[in-house]
Amino acid sequence: MSSQYSIFPAGRHRPASLVLALAIAGLTSLTLTACGNDEKPAAPMVEQAKSELDPLEVMISPEMASNFKIAAVTQTELASVQEIAGRIEANERKVTRIGAVVTGRVTEVLAEVGDHVKSGQALARVASPELTSAQLAYMRASATATLAERSVERARQLIAADVIGSAELQRRESEVQIARAELRAAGDQLKLMGLSGDALTRLRGQGSVAPAAAIAASSAGIVIERQVSQGQVAQPGDPLFTVADLSSVWVVGALPEQMARSVQVGQGVQVDVPALGLTVEDPPIAGKIIYVGDTVSAQTRTVAIRTQVDNKDLALKPQMLASMRIQGAMEKVLAIPAVAVVRENDRDHVYVKKAENHYRLTPVDLGVTSGGQRPVLKGLSEGTEIVVEGAFHLNNERKRAELE
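Calculation rules
- Residues numbered from 1 in each chain as written.
- Predicted model: local features only at pLDDT ≥ 70, side-chain atom pairs only at ≥ 80, totals over all residues.
- Heavy atoms only, no water.
- Core = buried A, V, L, I, M, F, W, Y, C linked by side-chain atoms within 4.5 Å.
- Buried < 20%, exposed > 50% of the residue type's maximum accessible area, 1.4 Å probe, protein only.
- Helix = DSSP H or I, 4+ residues; strand = E, 2+ residues; numbered from the N terminus.
- Contact = heavy atoms within 4.5 Å.
- Pairing = 2+ DSSP bridges.

**Here's the deal with the nonpolar core**
Part 1: Judged by nonpolar contacts, the single largest core of 26 residues is most densely connected at Ile88, Val271, Val273 and Ile326.
Part 2: For this core, the secondary structure elements donating two or more residues are β3 (74–90), β12 (248–256), β13 (268–272), β14 (285–292), β15 (302–310) and β16 (321–337).
Part 3: Setting aside chain neighbours within four positions, we find Val271 in contact with Val251, Ile285, Thr307, Val309, Ala322 and Ser323.
Part 4: Judged by nonpolar contacts, the second largest core, of 22 residues, contains Val152, Leu183, Ala199 and Ala210.

So this is what it looks like as structure tokens:
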């Protein structure tokens, strides 16, 4: 077939120049073909390896390695910490519920919710027929006591004149003691009704009857509740005002029954109140457990616990939400630095070293932070090497590589 297309007759030799030209042309063709294959160079081996990585794995260049610190998981002495939800409540030992002691109509309301009041300060005034009757009884007792005292003076004069005997003087002196006791009792009754000492003095000296009695604060504090309005008929025992001293408050929580045995009165508690927006630089709110319930709630299967904390600046307000971290005894546990933890998909993760500059995002179960360390519950064993510094940036590098 080749002779069919040849330009030279069969048996004739080709010129040497032509053979050389054909060889050069063939070499040129091979060169062009080779150049065409080199238009897309093969990817570097590192890039090829990265493309084959699991989405949870990341490889970094040797230049970036100095940005991350690797350490082995070890056991550390930590105080066990239990965290439960709680809320702020007023200290019930410093809460006073105040009401009227007589039936009457409220003529004036003098205090509102949020007012700071002093002990003895009038919160409202009540007009009552009982008050009027009690004042009249006090005036009669005062008059009787005055007559009895004068009778004793006359008896002493008569004894001096040898007109009466000593028995009569003794009888009159006993009547004075009884009259004075009745006067004191009538005065105490009016004080309970809200009449002041000055009003009693005017009543005894001038006969001036007070038209209304004051409902007075029995202790200093803040009015946190008012259940009375002007014109309302108040009954004895009705709680009209609630006054609380909020300089110290309670933090109340519910402890699961399984954890109740590990908590005792006197244990230290650290309280976190999200509404305050405290930072790590702010001093923590600390207290001690003052009460652990003796019974378990049938509905929630929890035991009530309570701690007391100072609240001098009144920043803690009743019904604020809080969390309580209860510190237990020191024990040796497997733990990792809190800064090594990466939060991903609502779970805790760490970066475990697989090879040089090769790491994998691994889910773990961890306990509550204590002293900058988090105890390992599940997912890591002692001696496993993890990233303890720079985990957040390593996670960003993994996400960036995944997008590429």
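**What to know about the sheet that holds strand β7 (residues 122–127)**
Part 1: The strand order β8-β7-β5-β10 describes an open sheet built from four strands, whose pairing is antiparallel. Looking at which strands have only one partner, the edges of the open sheet turn out to be β8 (213–216) and β10 (233–234).
Part 2: For strand β5 (residues 104–109) and β7, the ladder comprises four bridges, and the chain directions are antiparallel. Within the sheet, the bridge partner assigned to Val109 lies in β7 and is Ala124.

**Some thoughts on the sheet that holds strand β4 (residues 95–98)**
Part 1: Reading across from one edge, β4-β11-β9-β6 is the order of the four strands in this open sheet, with antiparallel pairing throughout. Either end of the sheet is taken by a strand with one partner, and the two such strands are β4 and β6 (116–117).
Part 2: Here four bridges tie strand β9 (residues 221–226) to strand β11 (residues 241–244), and the two strands are oriented antiparallel to one another. Considered in β11, the bridge of Val223 is made with Val243.

**Looking at the environment of Ala65**
Part 1: Looking at the element boundaries, Ala65 is found in the loop between β1 (57–59) and β2 (69–72).
Part 2: In sequence terms Ala65 and His358 are 293 residues apart; their C-alpha atoms lie 10.0 Å from each other.
Part 3: Not counting residues within four places of it along the chain, the set of residues in contact with Ala65 comprises Ile60 and Asn357.

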